[in-house]
Amino acid sequence: MLNTFTNIDEYILLFPVEVQEKLQELRKVIHLQVPDLEEYIGYQMPAFRYKGKPLVYFAGYKKHIGFYPGAEGIHNFETDFKEKKYKFSKGAVQFPIHENLPLDLITKILRFKTNEIEQKKS
């Protein structure tokens, strides 16, 4: 994808409506769970910083939403991913477009990531 966007709103508009809705839902959940986030574009994806540190990234695709909480964010939730039959790698998990986003799981991952950042600061 050519870098034709400068912010998350522009990024989301590059996708079909079905994907846009999922991306907006994910963005909203992230903001609801973690106050005082900074939005930015990192690695050509929507990204969020918490207390100056990268928190998570996400990306839209034709058949899934990619969610990137980093290696520890994936490692700690591998059992959940296997249980729900999500494809995942050492740094990303794929949420199928045709399924509801796993908001409870996303919330748990966000809590884990914010705690991880808090621990490193102290």
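Up top is the structure.
Only a predicted model underlies this, so the values are computations on that prediction, with no experimental measurement involved. (Residues numbered from 1 in each chain as written. Predicted model: local features only at pLDDT ≥ 70, side-chain atom pairs only at ≥ 80, totals over all residues. Heavy atoms only, no water.)

Visitor: Which residues make up the pattern of salt bridges, and what values do they have?
Guide: The full count for this structure, using the stated rule, is six salt bridges. Here aspartate 9 ties to arginine 27 by a salt bridge, and the two come within 2.6 Å at their closest N and O atoms. Highlighted residues: aspartate 9 in helix α1 (residues 8-12) and arginine 27 in helix α2 (residues 17-33), separated in sequence by 18 residues. For the salt bridge of arginine 49 with glutamate 38, the shortest nitrogen-to-oxygen distance reads 2.7 Å. In this pair, arginine 49 sits in strand β2 (residues 45-50) while glutamate 38 sits in strand β1 (residues 37-42), placing the two residues eleven residues apart along the sequence. What makes arginine 49 partly exposed here is its relative accessible area of 24%. Overall, glutamate 38 belongs to the partly exposed group, its relative accessible area being 39%. Beyond isolated ion pairs, a larger network of salt bridges with shared partners links Asp9, Arg27 and Glu39. (Salt bridge = Lys/Arg side-chain N within 4 Å of Asp/Glu carboxyl O. Helix = DSSP H or I, 4+ residues; strand = E, 2+ residues; numbered from the N terminus. Buried < 20%, exposed > 50% of the residue type's maximum accessible area, 1.4 Å probe, protein only.)

Visitor: Hey, could you go over the packing of aromatic side chains for me, with residue numbers and the actual values?
Guide: Between two aromatic rings, the relevant description is the distance of the centres plus the angle of the planes. Taken as a whole and assessed by the stated rule, the structure comprises nine aromatic pairs. A ring pair is formed by tyrosine 43 and tyrosine 57, whose centres lie 5.5 Å apart and whose planes are at 55 degrees; its orientation type is tilted. Taken together, the positions of tyrosine 43 in the loop between β1 and β2 and tyrosine 57 in strand β3 (residues 53-60) put the pair 14 residues apart, joining distant regions of the chain. On the basis of an interplanar angle of 85 degrees and a centroid distance of 5.8 Å, the ring pair of phenylalanine 77 and phenylalanine 112 is categorised as edge-to-face. Of this pair, phenylalanine 77 sits in the loop between α3 (70-75) and α4 (78-83) while phenylalanine 112 sits in helix α5 (residues 103-121); the two residues are 35 residues apart in sequence, bridging distant segments of the chain. Of the residues examined, phenylalanine 77 reaches a relative accessible area of 8% and is grouped as buried. Given a relative accessible area of 23%, phenylalanine 112 falls into the partly exposed group. What links up through ring pairs into an aromatic cluster is the set Phe5, Tyr11 and Phe15. Directly above the ring of tyrosine 40 sits arginine 49, whose terminal nitrogen or CZ lies 3.7 Å from the centroid. (Phe/Tyr/Trp six-rings, centres within 6.5 Å; stacked < 30°, edge-to-face > 60°. Lys NZ or Arg CZ within 6 Å of the ring centre and 35° of its normal.)

Visitor: Just give me the short version of the environment of glycine 91, but keep the residues and values in it.
Guide: Checked against the element boundaries, glycine 91 lands in the loop between α4 and β5 (93-96). For glycine 91, the residues in contact, after removing those within four places along its chain, are Phe67, Tyr68, Pro69, Gly70, Ala71 and Ile74. (Contact = heavy atoms within 4.5 Å.)

Visitor: Pulling in residues and values, what's your account of the environment of glutamate 72?
Guide: With respect to the helices, strands and loops of the structure, glutamate 72 is situated in helix α3. For glutamate 72 and isoleucine 109, which are 37 residues apart along the polypeptide, the C-alpha to C-alpha distance reads 9.8 Å. When near neighbours in sequence (up to four residues on either side) are disregarded, glutamate 72 contacts Phe112 and Glu116.

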